[in-house]
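For reference, the chains in residue letters:
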Amino acid sequence: SGRRSGMIRKALIIIGIILTLSSMGCTPTRENGGVTGVSQDEMIKFSWKLSSISGNRIEKGNITLSFLTESKSISGVSVINSYFGNYTRNGKNIKISISGLTKMAGPEEDMELEQKYIRLLEDVTTIEESNNEMILRTEKEELKFVKQNN
């Protein structure tokens, strides 16, 4: 079962990489009247790594999020498991829906962080981006991401 879960996780990561690479030909644009930032099309060119939740630094694991703008889908790794889903966006408003998550187990502390992260992702209502940082906000919490080098 553990070997099968590992294979599923690897397959999901490979699919995410293929989808990301296949859509990298999108042309970057500038939004907000030419103010330099990260446009919706540019978001897919790199992965984002979670750096903090409501000001509390995340040192554990490698929690990532990637957007695929053509298919309006997302994928990433949430502490232990890989996840995928889709999103809708209108300006700074965003809604994320997780439709799949691998089912590998891990230490209780890691599983609690993973569950909190997935729950918060689904509660996100707004997004702000700059060149190297992205902030997703719920009514009460904030997920801060930094751009990963690919």
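Predicted model only: the values in this text are computed from it and were never measured.

Novice: Would you take a moment to explain the nonpolar core for this structure?
Specialist: One broad trend across soluble globular proteins is that nonpolar side chains are buried collectively. Ranked by internal contacts, the top residues of the largest apolar core, which has 28 residues, are L65, F67, Y117, L121, L136, L143 and F145. Only β1 (48-53), β3 (64-68), β5 (81-90), β6 (93-101), α2 (108-123), β8 (133-137) and β9 (142-147) provide two or more residues apiece to this core. In contact with Y117, other than residues within four places in its own chain, are L50, I63, T64, L65, S78, Y83, L143 and F145.

Novice: It is not clear to me how the packing of aromatic side chains should be interpreted in this structure. Could you clarify?
Specialist: Aromatic ring pairs: the centre-centre distance and the angle between the two ring planes describe each pair. Enumeration according to the criterion identifies three aromatic pairs in this entry. On the basis of an interplanar angle of 65° and a centroid distance of 5.8 Å, the ring pair of Y83 and Y117 is categorised as edge-to-face. Of this pair, Y83 sits in strand β5 while Y117 sits in helix α2, placing them 34 residues apart in sequence. Of the two residues, Y83 and Y117, both sit in the buried class. Site record: aromatic cluster; members linked through ring pairs are Y83, Y117 and F145.

Novice: For this particular structure, what's the right way to read the environment of S51?
Specialist: Among the secondary structure elements, S51 is positioned in strand β1. Assessed through its relative accessible area of 10%, S51 is described here as buried. Sequence separation between S51 and K144 is 93 residues, and the spatial gap between their C-alpha atoms is 5.7 Å.

Novice: When you look at the pattern of salt bridges in this model, what are you seeing that I'm missing?
Specialist: Charged atoms that come close allow side chains of opposite charge to pair. The final tally for this structure, using the stated rule, is four salt bridges. As a salt-bridge pair, R137 and E128 come within 2.5 Å of each other at their nearest N and O atoms.

Novice: I would appreciate a short explanation of the side chain of S47 in the present structure.
Specialist: Of note, S47 is situated in the loop between α1 (2-22) and β1. By relative accessible area, which is 16% here, S47 ends up buried.

Novice: Explain the pairing of β9 here, please?
Specialist: Successive side chains on a regular strand alternate, one facing one side of the sheet and the next facing the other. Two strands pair when backbone bridges link them, and β1 and β9 are joined in this way by five bridges, in the antiparallel orientation. Directly across from K49, in β9, lies its bridge partner V146. Bridge count for β8 against β9 is five bridges, and the pairing is antiparallel. Bridge pairing links I135 to K144 in β9.

Rules used in this analysis
- Residues numbered from 1 in each chain as written.
- Predicted model: local features only at pLDDT ≥ 70, side-chain atom pairs only at ≥ 80, totals over all residues.
- Heavy atoms only, no water.
- Core = buried A, V, L, I, M, F, W, Y, C linked by side-chain atoms within 4.5 Å.
- Buried < 20%, exposed > 50% of the residue type's maximum accessible area, 1.4 Å probe, protein only.
- Helix = DSSP H or I, 4+ residues; strand = E, 2+ residues; numbered from the N terminus.
- Contact = heavy atoms within 4.5 Å.
- Phe/Tyr/Trp six-rings, centres within 6.5 Å; stacked < 30°, edge-to-face > 60°.
- Salt bridge = Lys/Arg side-chain N within 4 Å of Asp/Glu carboxyl O.
- Pairing = 2+ DSSP bridges.

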